[in-house]
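# Descriptive structure summary
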Amino acid sequence: MSDCIFCKIIAGEIPSQRVYEDDRMIAFKDINPKAQVHLLVIPRLHVTGLDALTAQHKDLIAHMMLQLPQIAGSQGIKDFRTIINNGAGAGQEVFHLHIHVMGGKQLPGF
Ligand code: AMP
Ligand code: ZN
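These numbers were taken from a predicted model, which means no experiment stands behind them.

## A closer look at the pairing of strand 2 (residues 25-29)
In terms of burial, strand 2 is a largely internal element, four of the five residues being buried. Two strands pair when backbone bridges link them, and strand 1 (residues 18-21) and strand 2 are joined in this way by three bridges, in the antiparallel orientation. Along strand 2, the bridge assignment pairs Arg 18 with Phe 28. Between strand 1 and the antiparallel strand that follows it, strand 2, lie three residues.

In structure tokens:
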């Protein structure tokens, strides 16, 4: 998607601090961190959000979720919180599916 900021990050057209990448996904530091460690984990495939997923994305999503502990561990955290905002009413601002991974200090209760 040519006007998607996260597709531009994947393409290297917008700089980011990548902490992990493979053939299906990348993870990078959120530019406006809401926790000591705040990462965004995204598929290379442009999918707007959770509500755009179909059964054909099962392996992709499973793959992304399975990488999270290792990615968090690479940033020195074992405990972390994940958030996926789906839709503007839930706070989604970038319409390329992303998993927020946050931690680094005791997080407030939810
Ligand atoms: P959401 O509100 O769930 O759509 O989250 C979008 C997130 O993307 C926010 O936490 C932003 O701080 C983050 N963000 C926006 N632009 C960039 C960027 N260029 N590099 C890193 N993070 C970004
Ligand atoms: Zn995109």
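Read on for the rest.
## Examining the site of ligand 1
By nearness alone, 16 residues border ligand 1, and Asp 30, Gly 91, Glu 93, His 98 and His 100 come closest of all. Within the contact set of ligand 1, an oxygen atom lies 3.0 Å away from a backbone nitrogen or oxygen of Val 94. Taking 510 Å² as the accessible area of ligand 1 by itself, protein coverage stands at 88%. Within the residue set of the shell around ligand 1, elements represented by two or more residues are helix 1 (5-11) and strand 2.

## Comments concerning the coordination of the zinc ion (ligand 2)
Looking at the zinc ion (ligand 2), one finds its protein donor set to be Cys 4 (SG), Cys 7 (SG), His 46 (ND1) and His 96 (ND1), positioned 2.0 to 2.3 Å from the metal centre. Donor residues for the zinc ion (ligand 2), ordered by position in the chain, follow C-x2-C-x38-H-x49-H. Here Cys 4 is found in the segment before helix 1, whereas its partner His 96 is found in the loop between strand 4 (80-83) and strand 5 (99-103), with 92 residues between them in sequence.

The rules behind each value
- Residues numbered from 1 in each chain as written.
- Chains lettered and ligands numbered in written order.
- Predicted model: local features only at pLDDT ≥ 70, side-chain atom pairs only at ≥ 80, totals over all residues.
- Heavy atoms only, no water.
- Buried < 20%, exposed > 50% of the residue type's maximum accessible area, 1.4 Å probe, protein only.
- Helix = DSSP H or I, 4+ residues; strand = E, 2+ residues; numbered from the N terminus.
- Pairing = 2+ DSSP bridges.
- Near = heavy atom within 4 Å.
- Polar contact = N/O pair within 3.5 Å; in protein donor to acceptor, adjacent residues only side chain to side chain.
- Areas by Shrake-Rupley, 256 points an atom, 1.4 Å probe, with all protein chains shown as cover.
- Donors = N, O, S within 2.8 Å, 3.2 Å for Na, K, Ca; no water.

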